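# Structure at a glance
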Amino acid sequence: MTLQKICATTDIPLGEMKPFKIEGEKVLVYHTKEGFYATQTNCTHMFVPLKAGKLDDCTVQCPFHRARFDVRTGEVIDWASFPPGVQLLNFVRSKKPLKTFPISTEDGNLFVEVA
Ligand code: FES
């Protein structure tokens, strides 16, 4: 495990998300009312970048088929549901949570731990 300083906490305004590449790992960092969280950058359904999606409190929604994930745990809240018919694809792309990464703050900086 490597603890990496990624940026100042002020570099990611509340309600926004920002992607980073840390030791070859792509990480998306979210600033929520509950604090900072970090997950893999791409949706687990069809690997679309979540950065283009919508962050609502602690939930990120994929812009493609609208799967929603809890950024605190990576848990799937709603699986791909749009457009109608995508459920057929879900037989081969079943629910999968986002990978999460430990994140911490110290002296106004953000640190993420990657394997
Ligand atoms: S690619 Fe994200 S829901 Fe399909």
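Bear in mind that the values here come from a model prediction, so they are computed numbers and not experimental data.

### Digging into the sheet that holds strand S7 (residues 68–70)
Across the sheet, which stays open at both edges, the four strands sit in the order S5-S6-S7-S8 with antiparallel pairing between neighbours. Edge strands, defined here as strands with exactly one partner in the open sheet, are strand S5 (54–56) and strand S8 (76–78). Ignoring which end each strand starts from, the neighbouring axes of this sheet average 30 degrees apart. Alignment of strand S6 (residues 59–61) against S7, held across three bridges, turns out to be antiparallel. Bridged to Gln61 within S7 is Arg68.

### Points about a nonpolar patch on the surface
A grouping of Leu88, Phe91 and Val92 is seen on the molecular surface, where their side chains present a nonpolar patch of about 410 Å² in accessible area. Its place among the elements puts Phe91 in the loop between helix H1 (86–89) and strand S9 (100–101).

### Description of the pairing of strand S4 (residues 35–40)
Taken together, the six bridges between strand S3 (residues 25–32) and S4 define a ladder with antiparallel strand orientation. Paired with His31 across the two strands is Phe36, which belongs to S4. Pairing of S4 with S9 involves two bridges; the strand directions are antiparallel. Its bridge partner being in S9, Ala38 is matched across the sheet by Phe101.

### A word on the packing of aromatic side chains
Counted by the stated rule, this structure contains one aromatic pair. An angle of 90 degrees between the planes, with centres 6.2 Å apart, marks the rings of Phe69 and Trp79 as edge-to-face. In this pair, Phe69 sits in strand S7 while Trp79 sits in the loop between S8 and H1, placing the two residues ten residues apart along the sequence. You'll find Phe69 and Trp79 in the same group, each marked buried. The lysine or arginine in question, Arg66, covers the ring of Phe82, its NZ or CZ lying 3.5 Å from the ring centre.

The rules behind these values
- Residues numbered from 1 in each chain as written.
- Predicted model: local features only at pLDDT ≥ 70, side-chain atom pairs only at ≥ 80, totals over all residues.
- Heavy atoms only, no water.
- Pairing = 2+ DSSP bridges.
- Helix = DSSP H or I, 4+ residues; strand = E, 2+ residues; numbered from the N terminus.
- Axes fitted to C-alpha atoms, helices over the stretch in contact; angles between N-to-C directions.
- Patch = residues over 30% accessible without salt bridge, like charges linked within 9 Å, V, L, I, M, F, W, Y side chains within 5 Å.
- Areas by Shrake-Rupley, 256 points an atom, 1.4 Å probe, with all protein chains shown as cover.
- Salt bridge = Lys/Arg side-chain N within 4 Å of Asp/Glu carboxyl O.
- Phe/Tyr/Trp six-rings, centres within 6.5 Å; stacked < 30°, edge-to-face > 60°.
- Buried < 20%, exposed > 50% of the residue type's maximum accessible area, 1.4 Å probe, protein only.
- Lys NZ or Arg CZ within 6 Å of the ring centre and 35° of its normal.

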